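Breakdown of the fold
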Amino acid sequence: MKGGDRGEKTQFRVNAVIQTQLNIERSSYMRKFIIAVLAFGIVGFGYRAEAAPVGNIANPVIEKGEHGIKIGVDNDFVFKREFDVDEADVELEANFHTARISYTIAEKADVYVMLGMLSNAKVTEHNSSFDIIYDVDNAFTWGLGATLLAFETEGGFRAGMDGKYRQTSPELSKVTVDGVDYELDESEVEYGEWQVALAFSQQMGKFAPYAGVKYSDINTKAKATVSGTEYETEERGSKNTVGPFVGISFLPNDNLSLNVEGRFIDENAVSVSLAYKF
């Protein structure tokens, strides 16, 4: 009996050691898995891109006023933008709130500065292994641009062009993997976007509907520290660069313009803008 007891105890200790080792290996595997997921997320986050609202390029409010100065606000809501990432579905949601100051440098030609805030931004990723949500901190945005009213007729038909550049440097606040939140040691995303657009507008009384097409591209890179290890991406560009837009401007008087715009195919987004010419 005593020999049997010793054998059972020895076997119990062996099983306990094996089980402990398996638990350690599982824990180590999960830790490596989570770190790999977070690192992949930071690298993948470099794909994020949002096109800026275009606005009614051919809006008659662009015509030179007494001082040639126009101020406005843009509220841009990006509901969904999909990215072509291998073996994963990646979508972006974000809001941009921007103040715009324009100056008419020549007849029907504006240059402008954009200052604002990125808010409520997140990137959602779905693949066969896990679901990830990247929450993005609010961040300051700035940009520069120029608009040209290139052609118009006495009947109110207009054509115009616009080009702009926008930049922001947000951080990731947290990453959620399959419902579990993980904090990052440190993160940073450098993002820059340029966009050119062509639009056509027809004024009908106090309304001016418009439509056009835009081409936009980005250069972005990201880096983050996860469990003491730093991960960094190379610069990347957007894979979806062309999309249409439609909108309408309401012109209650010669100085004020209220604008609503939708952008489709490459993204699902709506913007609401208000501009006043001095």
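Coordinates for the structure precede this section.
Note that the structure is a prediction, hence the values are computed from the model and not measured.

Cut-offs and rules
Residues numbered from 1 in each chain as written. Predicted model: local features only at pLDDT ≥ 70, side-chain atom pairs only at ≥ 80, totals over all residues. Heavy atoms only, no water. Helix = DSSP H or I, 4+ residues; strand = E, 2+ residues; numbered from the N terminus. Buried < 20%, exposed > 50% of the residue type's maximum accessible area, 1.4 Å probe, protein only. Contact = heavy atoms within 4.5 Å. Areas by Shrake-Rupley, 256 points an atom, 1.4 Å probe, with all protein chains shown as cover. Patch = residues over 30% accessible without salt bridge, like charges linked within 9 Å, V, L, I, M, F, W, Y side chains within 5 Å. Salt bridge = Lys/Arg side-chain N within 4 Å of Asp/Glu carboxyl O. Polar contact = N/O pair within 3.5 Å; in protein donor to acceptor, adjacent residues only side chain to side chain. Core = buried A, V, L, I, M, F, W, Y, C linked by side-chain atoms within 4.5 Å. Phe/Tyr/Trp six-rings, centres within 6.5 Å; stacked < 30°, edge-to-face > 60°. Lys NZ or Arg CZ within 6 Å of the ring centre and 35° of its normal. Pairing = 2+ DSSP bridges.

1. Points about the overall build of the protein
Helix and strand content of the protein: one helix and 14 strands. Buried positions account for 44% of the 278 residues belonging to the protein. Long-range pairs, those at least 24 residues apart, make up 65% of the contacts in the protein with a sequence separation of at least 6. When the accessible surface of the protein is summed, it comes to about 14400 Å², and 58% of that surface belongs to carbon and sulfur atoms.

2. What about a nonpolar patch on the surface?
A contiguous nonpolar surface patch, about 910 Å² in accessible area, is contributed by Leu148, Phe151, Phe157, Met161, Trp194, Val196, Leu198, Phe200, Val213, Tyr215 and Val242. Secondary structure elements with two or more residues in the nonpolar patch: strand E5 (139-152), strand E6 (157-168), strand E9 (186-202) and strand E10 (207-226). Per-element tally for the nonpolar patch: the top contributor is E9, with four residues. Along the chain, the position of Tyr215 falls in strand E10.

3. Some details on the side chain of Asp74
Structurally, Asp74 is set in strand E1 (residues 69-85). Classification of Asp74 as buried rests on a relative accessible area of 8%. Of the polar contacts made by the side chain of Asp74, one reaches the side chain of Arg100; its length is 2.8 Å. At 2.8 Å, the side chain of Asp74 forms a polar contact with the side chain of Ser273. When sequence neighbours within four positions are dropped, the list of residues in contact with Asp74 reads Phe96, His97, Thr98, Arg100, Val272 and Ser273.

4. Notes on the pattern of salt bridges
Here the structure, examined in full by the defined rule, presents eleven salt bridges. The shortest N-O distance in the salt bridge between Lys164 and Asp162 comes to 2.7 Å. Judged by its relative accessible area of 5%, Lys164 is buried. Relative accessible area serves as the criterion here: at 5%, Asp162 is assigned to the buried category. Connected via shared salt-bridge partners are Asp76, Lys214, Glu261, Arg263 and Glu267.

5. Section: the nonpolar core
Formed by 15 residues in total, the largest nonpolar core has its most connected members in Ala94, Leu118, Ile132, Tyr134 and Val175. A total of four residues in this core trace back to one element, the largest contributor, which is strand E2 (residues 88-106). In this structure, Val54, Ala199, Tyr210 and Phe245 belong to the second largest nonpolar core, which totals six residues.

6. Considerations on the packing of aromatic side chains
Counting across every chain of the model gives six aromatic pairs. Ring centres of Trp194 and Tyr215 lie 5.6 Å apart, and the angle between their planes is 40°; this geometry places the pair in the tilted category. Of the two residues, Trp194 is situated in strand E9 and Tyr215 in strand E10; the sequence distance between them amounts to 21 residues. We classify Trp194 as partly exposed; its relative accessible area is 36%. Exposure remark for Tyr215: the relative accessible area of 33% places this residue in the partly exposed category. One aromatic cluster in this structure is built from Phe151, Phe157 and Phe200. We note Arg100 situated over the ring of Tyr112; from NZ or CZ to the ring centre the distance is 4.4 Å. Over the ring of Phe96 we find Arg166; its NZ or CZ atom is 4.0 Å from the centre of that ring.

7. Description of the pairing of E5
The sheet contact formed by strand E3 (residues 109-126) and E5 spans ten bridges and is antiparallel. Following the sheet pairing, Leu118 is matched in E5 by Ala139. Here E5 pairs with E6 via eleven bridges, running antiparallel. Its bridge partner lying in E6, Leu144 is registered against Tyr165. The antiparallel pairing of E5 with E6 creates a hairpin that spans four residues between the two strands, and Gly156 there sits at a positive phi of about 95°.

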